Amino acid sequence: MNIAFIGLGNMGAPMARNLIKAGHSLHVFDLNTTVLAEFAELGAQISDSPRQAAQGSSLVITMLPAAAHVRSVYLNDDGVLKGIAPGTPAVDCSTIDPQTIRDIAAVAAQQGVVLGDAPVSGGTGGAQAGTLTFMVGGSPEHFATLKPVLEQMGRNIVHCGEVGTGQIAKICNNMLLAISMIGVSESMALGNALGIDTQVLANIINTSTGRCWSSEAYNPWPGVVETAPASRGYTGGFGAELMLKDLGLATEAARSVQQPVILGAVAHQLYQAMSLRGEGGKDFSAIVEGYRRKS
Ligand code: NAD
């Protein structure tokens, strides 16, 4: 297929490389000319705007930082919707708020273009290995069109419902992840302060009712899980800054439907404070450091 791929950052670049490996012909665009040069060497066609990338492509994929970038890449004068042919499918894989993608999809629909959302989980490791989970929002027909291509970048391709529901799934999951990580942090720190061996405590939690992914696979206490970022100085995982962004999306979406997210709002504030302390670059499990006595 001729695929337009726009946004070749930490996630987009490895995803696009997997599509090239699978034999697709890519038309790529990014503001970063260094990454474009790398893709030229891989045989991709370099476009000078999202509009040009979309022209003649049979699928458009975008992977951008935030809602403002997605809006401009689709809606600007040199945007995707100015170049894409009617009937061509498009999918945005960025993590943004559900309303923005619904709004852009409505504009796209006026010119016969079907746009869906497919945010991912699995991080940069999953993007490189082609094992991402895609949470797809769009019609069943759109999902059926996208699935074979998404399978070349991911392992779990899940249809969540109409456009926007992929984003809903993503922000609800990540809000719960933040809350559970904070809960495990409090619990581990309390146990440590009261004098129990933290490995023993983690083993009890992981075979008892407090068991969760944040404790079992990604325990925030250093040394408890050898493969977790906590055991390597909170590097190389899911950055606290990205978690802060997702919590902002969750609390904002909750506000739009007047739904209380009490623990989600507290989690948002805790990650905001972590960012303010200059620790946003650490893995999000470093939230536990706020509960540890400095020795
Ligand atoms: P990134 O900042 O590394 O990459 C974004 C890319 O978009 C950059 O190369 C940037 O130059 C490009 N870009 C920005 N504005 C542009 C424009 N107007 N036109 C063309 N290109 C433009 O971000 P990332 O880590 O790749 O994340 C992308 C999305 O995926 C985000 O929404 C993020 O929340 C989400 N996400 C990231 C991770 C992760 O672990 N990094 C995991 C899951 C989801």
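Residues numbered from 1 in each chain as written. Predicted model: local features only at pLDDT ≥ 70, side-chain atom pairs only at ≥ 80, totals over all residues. Heavy atoms only, no water.

### As for the site of the ligand
Surveying the vicinity of the ligand reveals 23 residues, the closest of which are Asn 10, Met 11, Asp 30, Pro 65 and Lys 245. Contacts to the ligand include Thr 95, whose backbone N or O atom sits 3.0 Å from an oxygen atom. Here an oxygen atom of the ligand sits 2.8 Å away from a polar atom, N or O, in the side chain of Lys 245. Isolated, the ligand exposes 830 Å² of accessible area, and the fraction of that covered by the protein chains is 84%. (Near = heavy atom within 4 Å. Polar contact = N/O pair within 3.5 Å; in protein donor to acceptor, adjacent residues only side chain to side chain. Areas by Shrake-Rupley, 256 points an atom, 1.4 Å probe, with all protein chains shown as cover.)

### Concerning the pattern of salt bridges
Summed over the entire model, instances satisfying the criterion amount to seven salt bridges. The shortest N-O distance in the salt bridge between Asp 103 and Arg 71 comes to 3.5 Å. Taken together, the positions of Asp 103 in helix 6 (residues 98-110) and Arg 71 in helix 4 (residues 67-75) put the pair 32 residues apart, joining distant regions of the chain. When its relative accessible area of 31% is taken as the criterion, Asp 103 is described as partly exposed. Judged by relative accessible area, Arg 71 falls into the partly exposed class, the value being 34%. Close ionic contact of Lys 282 with Glu 289 constitutes a salt bridge, the shortest N to O distance being 2.8 Å. The class for Lys 282 is partly exposed, based on a relative accessible area of 26%. A residue is classified by how much of its surface remains accessible, and Glu 289, at 23% relative accessible area, is partly exposed. (Salt bridge = Lys/Arg side-chain N within 4 Å of Asp/Glu carboxyl O. Helix = DSSP H or I, 4+ residues; strand = E, 2+ residues; numbered from the N terminus. Buried < 20%, exposed > 50% of the residue type's maximum accessible area, 1.4 Å probe, protein only.)

### Section: unusual backbone geometry
Phi angles above zero are rare outside glycine, and Tyr 234 is one such case at about 60 degrees. Its location among the elements puts Tyr 234 in the loop between helix 11 (213-216) and helix 12 (240-256). In this structure, Gln 258 takes a positive phi of about 50 degrees despite not being glycine. Note that Gln 258 resides in the loop between helix 12 and helix 13 (262-276). Take Gln 258: its relative accessible area is 74%, and that puts it in the exposed class.

### A few points about helix 10 (residues 198-206)
Along helix 10, the residues classified as buried are Thr 198, Leu 201, Ala 202, Ile 205 and Asn 206. One side of helix 10 holds all its buried residues, which, seen down the axis, span an arc of 130 degrees. In this structure, the buried side of helix 10 is in contact with helix 9 (165-194) and helix 11. Two or three places before Gln 199, at the opening of helix 10, Asp 197 has a side-chain oxygen 2.8 Å from that residue's backbone nitrogen. (Arc of directions from axis to C-beta. Contact = heavy atoms within 4.5 Å.)

### Considering the UniProt feature "domain: 3-hydroxyisobutyrate dehydrogenase-like NAD-binding" (unreviewed entry) in the chain
Per the UniProt record, "domain: 3-hydroxyisobutyrate dehydrogenase-like NAD-binding" (unreviewed entry) is found at residues 164-289. Within the segment residues 164-289, helix and strand shares are 60% and 0% respectively, and the terminal C-alpha atoms sit 35 Å apart. (UniProt positions renumbered as here; feature names shortened; annotations may be inferred.)

### A closer look at the packing of helix 9 against helix 13
Where helix 9 contacts helix 13, the two axes come as close as 9 Å, and the packing angle between them is 70 degrees. Here helix 9 lies roughly perpendicular to helix 13, going by the angle between them. Side by side, helix 9 and helix 13 meet where Met 175, Ala 178, Ile 179, Met 181 and Ile 182 of the first sit next to Leu 263, Gly 264, Ala 267, Leu 270 and Tyr 271 of the second. A per-class count over the contact of helix 9 with helix 13 returns nine nonpolar, one polar and no charged. (Axes fitted to C-alpha atoms, helices over the stretch in contact; angles between N-to-C directions. Parallel < 35°, antiparallel > 145°, perpendicular 65-115°, else oblique. Nonpolar A, V, L, I, M, F, W, Y, C, P; charged D, E, K, R; others polar.)

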